[in-house]
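# Geometric and topological summary
Listed here are the chains, written in short residue letters.
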There are 2 protein chains.
Amino acid sequence: MTAIKESSTLNANRENNKATCPISFVMSKIGGHWKPIILYHLMSGPKRYSELKKLIPAITEKMLIQHLKQMQQEDLVIRKAENIVPPFVTYSLSPEGEELRPILDAMVEWAFARDFFAA
Amino acid sequence: MTAIKESSTLNANRENNKATCPISFVMSKIGGHWKPIILYHLMSGPKRYSELKKLIPAITEKMLIQHLKQMQQEDLVIRKAENIVPPFVTYSLSPEGEELRPILDAMVEWAFARDFFAA
DNA sequence: CATGTTACATACTTTGGGGTAAGTACTTGT
DNA sequence: ACAAGTACTTACCCCAAAGTATGTAACATG
């Protein structure tokens, strides 16, 4: 989880924005390159780690678990592991994560109302 | 606007995500450190360049115009300049920018429903 | 006993977003 | 003549997020 240098203006700004702008606050939770995509796929139901990998071919395993862990720590997703071998781990939206739906839905709507046309 | 290296996996991924995930598509428009804050302030009405500066003390002038220009190019904000000296430039949400309100409002609501308590 | 499967971990490198600092144009006030 | 105000521009640097590569545990199966 790669420690962050305290006393960098970068991070100071980030923290300040999170504390003073609700939009930035949300962005700090679901922003970045991969979190949106992971959330998007989890919106259609719980998924195995390997399923997410297949659904998001471009993502590296490092990025996938890194963000899953972060979102888990922030109580946005739930990790459920069957104690078997080979492992069987399922990720799903937590109740708090489910409450993101209005936001995510609004985004999807906005995207499709514009020049976004996915397959 | 600092040219971007073609053939970097970083950017290739970004482009791919924008094209395949509506959430990422929206994030590519309103993500980053400053765009959310700028939009947040523009939600309460048109603002002068200098007003935005005062409202967002931590932002540098470079970042402010950079993002204003980007959002202007993407038709999210409108720039209106009176032809006087000293200059008088006003920024406001475009019609397309206004359509972001449901998203932004949902974010604000989510933020306040959680551990976010701004002044 | 070697190979496959699943869900990770970790050291090292790259890169692009953001920060710093300084300068510009044009006019008004003193 | 010089400072002040407004809205920028530009060159240079830094660092944290993302990418690359490789390794691990624990069993199941041929």
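Scroll up a little and you will see the structure.
Every residue gets a number counted from 1 within its own chain, in the order that chain's sequence is written. Lettering of chains starts at A and numbering of ligands starts at 1, both following the order in which they are written. Per-residue local features of the predicted model are confined to residues with pLDDT of at least 70, and side-chain atom pairs are confined, for both listing and counting, to 80 or more; whole-chain, interface and lining totals are unaffected and use all residues. The side-chain numbers reported here are obtained from all heavy atoms of the structure, hydrogens and water having been left aside.

Quick look at the relation of the copies chain B and chain A now. Least squares is the method for superposing the copies, and the C-alpha atoms it fits come from residues with pLDDT of at least 70 in both. In the superposition of chain B on chain A (RMSD 0.1 Å, axial shift 0.0 Å), the rotation amounts to 180°. What we have between these two chains is a two-fold relation. Closest approach to the rotation axis within chain B is made by the C-alpha atom of Ile103(B), at a distance of 2.7 Å. A symmetric contact is evident, with 100% of the interface residues of chain B recurring at the interface of chain A. Should any heavy atoms of two residues lie within 4.5 Å, those residues are counted as being in contact.

Let us now look at the pairing of strand 3 (residues 88-93) of chain A. All names here are of chain A. Burial classification: accessible surface area is computed with a 1.4 Å probe over protein chains only, and a residue below 20% of its type maximum counts as buried, one above 50% as exposed, and the rest as partly exposed. Helix and strand labels come from DSSP, where a helix needs a run of H or I of at least four residues and a strand needs a run of E of at least two; each type is numbered from the N terminus. With respect to burial, strand 3 is a largely interior element, five of its six residues being buried. As paired strands, strand 1 (residues 47-48) and strand 3 are joined by two bridges and run antiparallel to one another. Looking across to strand 3, one finds that Arg48 is bridged to Thr90. Pairing analysis gives six bridges linking strand 2 (residues 77-82) to strand 3, with the strands arranged antiparallel. When the sheet's bridge partners are listed, Ala81 is paired in strand 3 with Val89. Between strand 2 and strand 3, which pair antiparallel and follow one another directly, the connecting turn spans five residues. Being paired, for any two strands, means DSSP has found at least two bridges between them.

So, about the sheet that holds strand 1 of chain A. Whether parallel or antiparallel, the strands of a sheet pair through hydrogen bonds between backbone atoms. Residues and elements named next belong to chain A. One open sheet holds the three strands; their spatial order is 1-3-2, and the pairing between them is antiparallel. Each of the sheet's edge strands pairs with one partner strand only, and the pair in question is strand 1 and strand 2. To get an axis, a line is fitted to the C-alpha atoms, and for a helix only the part in contact is used. The angle between two axes follows their N-to-C directions and goes from 0 to 180 degrees. In the packing of helix 3 (residues 35-42) onto the sheet, the strands contacted are strand 1, strand 2 and strand 3, and the crossing angle to strand 3 comes to about 95°.

With seven of its eight residues buried, helix 3 (residues 35-42) of chain B lies for the most part within the structure. For helix 3 of chain B, the set of buried residues is Lys35(B), Pro36(B), Ile37(B), Ile38(B), Leu39(B), His41(B) and Leu42(B).

Turning our eyes to something else, we now look at the packing of helix 2 (residues 22-30) of chain A against helix 7 (residues 101-112) of chain B. Interaxial distance between helix 2 of chain A and helix 7 of chain B falls to 8 Å at its minimum, and their mutual angle equals 80°. In terms of orientation, helix 2 of chain A and helix 7 of chain B fall into the roughly perpendicular class. Listed contacts from helix 7 of chain B to Pro22(A), Ile23(A), Phe25(A), Val26(A), Met27(A) and Lys29(A) of helix 2 of chain A are Leu104(B), Met107(B), Val108(B), Trp110(B), Ala111(B) and Phe112(B). Grouping the amino acids of the contact of helix 2 of chain A with helix 7 of chain B by side-chain chemistry returns eleven nonpolar, no polar and one charged. Throughout, the term roughly parallel applies to angles under 35 degrees, roughly antiparallel to angles over 145, roughly perpendicular to angles from 65 to 115, and oblique to all others. When residues are grouped by polarity, Ala, Val, Leu, Ile, Met, Phe, Trp, Tyr, Cys and Pro land in nonpolar, Asp, Glu, Lys and Arg in charged, and all others, Gly among them, in polar.

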